[in-house]
Amino acid sequence: MHVEDFDPKQLPRGQKIAQRIFIAGRADGGAWRLPLLAVTGQRPGPTLVVTAAVHGDEYEGVEAIPQIFERVSPAELWGTLLMVPVCNLPAYETSQRSSPVDGLNLARVFPGDAGGSITQRIADWITRNLLIHADLFIDLHSGGVAAEIPTLIGYIHDDGDLGRRSLAAARAFGAPILWGHPMPVPPGRSISVATDLGVPSLYTEAPGGGYARPDDVSCFVDGVLNVMAHLGMIDHAPGQRPLTHHLIGDGNLDTIHSAPAAGYFRATVQLLAEVESGAHLGTIADFFGNVLAEIHAERAGVVIMLRRVHRVHVGDGLVHITNRVE
Ligand SMILES: [Zn+2]
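These figures come from a predicted structure and were not determined experimentally.

A. Highlighting the environment of Pro150. Along the chain, the position of Pro150 falls in the loop between strand E6 (147-148) and strand E7 (152-157). When the C-alpha atoms of Pro150 and Gly198 are compared, they prove to be 28 Å apart, with 48 residues separating the residues in sequence. Not counting residues up to four positions away in its chain, the partners in contact with Pro150 are Ile177, Pro207, Leu271 and Leu272.

B. Spotlight on helix H6 (residues 214-230). The end-to-end C-alpha distance of H6 is 24 Å, a good match for the 24 Å that 17 residues give at a rise of 1.5 Å each. The buried count for H6 comes to 12 of 17 residues, which makes it a mostly enclosed element. Among the structural elements, strand E3 (43-52), helix H1 (60-71), strand E5 (136-140), E7, helix H4 (161-173) and strand E9 (201-205) are those in contact with the buried residues of H6. Positive backbone phi, at 80 degrees, marks Gly232, one or two positions downstream of H6.

C. Highlighting the sheet that holds strand E15 (residues 291-296). The 4 strands lie next to each other as E15-E14-E12-E17, forming an open sheet whose pairing is antiparallel. Where the open sheet ends on each side, the last strands, each with one partner, are E15 and strand E17 (311-312). Examined bridge by bridge, strand E14 (residues 280-285) and E15 share 5 bridges and lie antiparallel to one another. Across the sheet, residue Ile284 finds its bridge partner in E15, namely Ala293.

D. Inspection of the packing of H4 against H6 at higher detail. H6 packs onto H4 with a crossing angle of 130 degrees between their chain directions and a minimal axis gap of 7 Å. The pairing of H4 with H6 is recorded here as oblique in orientation. The handedness of the crossing between H4 and H6 is right-handed. Taking contact as the criterion, the partners of Ala169, Ala172 and Phe173 in H4 are, on H6, Gly223, Asn226, Val227 and His230. Partitioning the contact of H4 with H6 into residue classes produces 4 nonpolar, 3 polar and no charged.

E. Region of the structure containing the pairing of strand E2 (residues 31-40). Here strand E1 (residues 15-25) runs beside E2; their pairing, made up of 10 bridges, is antiparallel. Pairing of Gln19 across the sheet is with Leu36, part of E2. With 4 bridges joining them, E2 and strand E4 (residues 78-84) adopt antiparallel strand pairing. In the strand pairing of E4, Ala38 is matched with Leu82.

Conventions we followed
Residues numbered from 1 in each chain as written. Predicted model: local features only at pLDDT ≥ 70, side-chain atom pairs only at ≥ 80, totals over all residues. Helix = DSSP H or I, 4+ residues; strand = E, 2+ residues; numbered from the N terminus. Contact = placed C-beta atoms within 7 Å. Expected span 1.5 Å × (residues − 1). Buried ≥ 20, exposed ≤ 12 C-beta atoms within 10 Å, placed from the backbone. Pairing = 2+ DSSP bridges. Axes fitted to C-alpha atoms, helices over the stretch in contact; angles between N-to-C directions. Parallel < 35°, antiparallel > 145°, perpendicular 65-115°, else oblique. Left-handed = near helix turned anticlockwise from the far one by under 90°. Nonpolar A, V, L, I, M, F, W, Y, C, P; charged D, E, K, R; others polar.

By themselves, these are just geometric observations and shouldn't be taken as functional.
Quick look at the structure:
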């Protein structure tokens, strides 16, 4: 199948379809081909798009998507399920967050560029062929190698129709933590383009670390099936996990407490700790044990992200704090 040929509306009904779609040629004469898993129901209904490994070192969704594919039967499905288990193929090959081919972070280049480099082309293909057809979109992320984040479902926090549908789907997903992000969503993300297209979206996080905990994979599998039941696509839902936290705040992990000095970072707080403004968050030291910088909270809130890799360069993100919903 060529990149220009794909149209989910033209897919045969009542099928499970697993194929690779040409995105761009490789310098060695091969091709970058995006894996696509689709289930087309025999009955009409919504279109749900699910993606994973937008960052190449986040594995939970890579494992969850084939399990979802296995569990959804075309005979019992209303509508269409479209899933890409690995979006950033070059980054996945090298277990990196961003692409080693063009150096780009796929979560910063949406809606992409059909005439651009490989990362821009992947974003363009996903935007033009999947997101524009979606009634709801779920992007499966996790903390990757560098950062630790609790298992959560992120949604667009807004009083409008899109925000209400995003929150309802997030509650249906059933992760232990809800994290809402007020509009506007920062540009370049898959969910920012989905929002621009009027498509309600969700994304996940999990501790990650180059390892997919089976419980997180299971949470993501159950979550997608729960959302499908919420949308009326399937009859039976696995059920939600108990909600422990509902948090609201800027989800832009580019704007966090960052390292004022290079060195060895040791956090002194735990994930989900509630901290006051000025609380001690961590220390950066050198090889001789000298403290180079003490990191203090610039605001009160809940610790939602901690840097995992101890070695830090100046400007590396260390700690992100968000708000609890009262
Ligand atoms: Zn990610």
